[in-house]
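# Breakdown of the fold
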Amino acid sequence: MAIYYRGILFLAASAFLGEGIEVLVNMILARELGSHGLGLYMSILPSIFLIVLLSSFELQVSISKFIAEREERYHRNILHHAITITVVFTSILFLLTAAVLPFIPVFNAYHPYIRWLVMILIPVIAFTSVARGYFMGKQQMGRIAISNFIRKIIQLGGLFILFRLFEFDSQESLLIAIGTLIGSEIVVFLYLVYLFIIQFQQLKRQPFSNINRKVVRKNLMAVSVPTTGLRLFSAFTGAIQPFIIKAALVHSGMSDVLATEQFGMLMGVAVSIGFFPAFIAHSLMIVLIPAVSKTHSQKDYPTLQKMLQQVMKLTFIYGVAAVTIFYFFAPELTSLFFKSDTSAVFLQLLWPYFLFHFFIMPMQAFMIGLDLIKDAFIHIVWSIVISFGLVLWLGSSPDWRMNGVIIGMNTGSILLALMHYLTICKKIGVSVFMKGVKVGDSPPLR
């Protein structure tokens, strides 16, 4: 277990620095774009992330899981087949996106170059995912951590230099904001692929064994397809979330401009601050996917139970501390972005949303490692349906408005965390109160 703890600590330390840079990035964006521009930026991000998700095809998850479960002599052959799959998939996706992207209305309100910048992301993200998955499976978390830090520092440096040296109108400012984000991904691609090529050359000089191409493809697709479906649904709902929230607010009698500004304060300020401690949850998730996969393949349920107990305790300690600080120091924290009492109230009301999301991220790693991806997908569907239903119902009411939106977000987060937790407990043979029970008395949830 020591190697996993070292990986978590290293990732968490570097992610802490990265999240600090992210706060600075959002502060620059808030001041340069204004409340309305920040709302537009936050509105287009889910659509860009949707394309990023399709490009990655969750290969970093499937490759890391497969690498962790197999001996090193098989790694060269696994990577060879993974690269072949990536080339074919990327080519198809690039052509489809080139044909469809000009007709997607979401991009109409933005600079025309943004469409083509997004196109560049497809091969960049696809091949970065292969390298990232290999390093995750090998538990070489230092390289993952450095790449995450590089992404943040390049984005911050690009924004600071460009906005300091030049003047831009509102549309050009949005182009610069999105361009620096995509530019940082390109730098990470160059860094990770360079390291991956060096590692692959070393593998070529070592004894290796072949695995049938169909076996590799089947194993990778068995994880990539359902995980992509799971993430695709989450990304799709994330992409339409801005429009659902703003539609509900407009229906309540709020103007379109004010609805966009409030959404910008919700996502660009309150959520940016609230998810700052999520670097710990994200670090846990990265380390746990290969760790849980390998332990589950060995049927070592006592170790899985111990891992879950430790993860839940750690998350509870830092999660409660974080939301307590957010609640009592909300005005001081949000004033770093805007001099607005509204965003401080949003931050205070969203504490359940943040706290339970800190639990959700490592628990999703357990769901993937335990081959419970189907269950995870069902959980996400239910939580999203109920959350969006409450957002539309309460957010459309003149008496609730944004308070109703926040109630819907909080409810979805709590529901998803509880469903994940109960399913994991049953699968690994531990009670709700973390007491071990006999595994095998009843079939696991599938």
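Presented here is a report on the structure given in the accompanying data block. Residue positions are given per chain, counting from 1 as you read along its sequence in written order. Residues qualify for local features only when their pLDDT is at least 70, as the model is predicted, and side-chain atom pairs are given and counted only at 80 or more; totals for whole chains, interfaces and linings, by contrast, use all residues. Side-chain numbers come from the whole structure's heavy atoms, not from hydrogens or water.

Check the secondary structure of the protein chain and you find 15 helices and zero strands. With the radius of gyration taken over C-alpha atoms, the globule rule is written as 2.2 Å times the number of residues to the power 0.38. Relative to the compact-globule value of 22 Å for 446 residues, the protein chain shows a C-alpha radius of gyration of 22 Å, a close match. Principal-axis analysis of the C-alpha atoms gives the protein chain an extent of 65 × 50 × 35 Å. For every residue, the accessible area obtained with a 1.4 Å probe (protein chains only) is divided by the maximum for its type, and the residue is called buried under 20%, exposed over 50%, and partly exposed between those limits. For the protein chain, with 446 residues in total, the buried portion stands at 55%. Pairs of residues are marked as contacts when any of their non-hydrogen atoms sit within 4.5 Å. Looking at the protein chain alone, contacts between residues at least 24 apart form 81% of all its contacts between residues at least 6 apart. Only the protein chains shown count as cover for residues, and the accessible areas themselves come from Shrake-Rupley with a 1.4 Å probe. Total accessible area on the protein chain is roughly 19600 Å²; 68% of this is exposed by carbon and sulfur atoms. Computed over 33 positive and 20 negative side-chain charges, the separation of the two mean positions in the protein chain equals 15 Å. Strands are runs of DSSP state E lasting at least 2 residues, helices are runs of H or I lasting at least 4, and numbering of each runs from the N terminus. Think of it this way: Lys and Arg go in the positive column, Asp and Glu in the negative one, and His and the chain ends go nowhere. Taken as the charge centre is NZ of Lys, CZ of Arg, CG of Asp or CD of Glu, depending on the residue.

Right, let's get into the nonpolar core. To define a nonpolar core, start from buried Ala, Val, Leu, Ile, Met, Phe, Trp, Tyr and Cys residues and group those joined through side-chain atoms within 4.5 Å. Judged by nonpolar contacts, the single largest core of 142 residues is most densely connected at Y41, L266, L350 and F366. When residues in this core are grouped by element, the largest group, 19 residues, is from helix α1 (residues 2-56).

Our next topic: unusual backbone geometry. The phi torsion at D371 lies on the positive side, around 60°, for a residue other than glycine. The topology assignment puts D371 in the loop between α13 (351-369) and α14 (373-395). Even without being a glycine, R401 presents a positive backbone phi close to 50°. Among the structural elements, R401 can be located in the loop between α14 and α15 (402-428). Taking relative accessible area as the criterion, R401 reaches 29% and is therefore assigned partly exposed.

Working definition: an aromatic ring pair is given by the centre-to-centre distance plus the angle between the planes. Centres within 6.5 Å make a pair out of two Phe, Tyr or Trp rings, where for Trp the six-membered ring is used; the pair is then stacked when the planes are under 30 degrees apart, edge-to-face when over 60, and tilted otherwise. What the rule picks out here adds up to 13 aromatic pairs. Judged by centre distance (6.2 Å) and plane angle (55°), the ring pair of F166 and F168 falls under tilted. For F168, a relative accessible area of 26% corresponds to the partly exposed category. Taking the centre distance of 6.4 Å and the plane angle of 75° together, the rings of F326 and F354 count as edge-to-face. A residue pair is termed long-range when its members are at least 10 positions apart, and F326 in helix α10 (residues 301-328) and F354 in helix α13 qualify at 28 residues. Every member of this aromatic cluster is reached through a ring pair, and the members are Y134, F135, F196 and F200.

What follows covers a nonpolar patch on the surface. Residues enter patches when they are more than 30% accessible in relative terms and free of salt bridges; like-charged ones are connected within 9 Å and nonpolar ones (Val, Leu, Ile, Met, Phe, Trp, Tyr) within 5 Å. The term salt bridge refers to a side-chain nitrogen of Lys or Arg lying within 4 Å of a carboxyl oxygen of Asp or Glu. Together, I325, Y327, F328, F329 and W351 line one region of the surface with nonpolar side chains, adding up to about 550 Å² of accessible area. Looking at the nonpolar patch element by element, the count peaks at three residues for α10. Assignment of secondary structure puts F328 in helix α10. Residue classification places F328 among the exposed positions, given a relative accessible area of 59%.

A word on the packing of helix α2 (residues 59-69) against helix α3 (residues 75-100). Put simply, α2 and α3 touch, their axes get as near as 11 Å, and they point 165° apart. As summarised for this structure, α2 and α3 are arranged roughly antiparallel, according to the angle between their axes. Seen from above, α2 lies across α3 with right-handed handedness. Contact with α2, carried on its side by L59, I63, F66 and I67, involves H75, I78, L79, A82 and T86 of α3 and no other residues of that element. All residues other than Ala, Val, Leu, Ile, Met, Phe, Trp, Tyr, Cys, Pro, Asp, Glu, Lys and Arg, Gly among them, are scored as polar; the first ten of these are nonpolar and the last four charged. Partitioning the contact of α2 with α3 into residue classes produces seven nonpolar, two polar and no charged. Only C-alpha atoms enter the line fits that serve as axes; for helices the fit covers just the stretch in contact. Angles between N-to-C directions range over 0 to 180 degrees. Note on angle classes: values under 35 degrees are labelled roughly parallel, values over 145 roughly antiparallel, values of 65 to 115 roughly perpendicular, and the remainder oblique. Handedness of each helix crossing follows the sense of rotation of the near helix against the far helix: counterclockwise by less than a right angle gives left-handed, clockwise gives right-handed.

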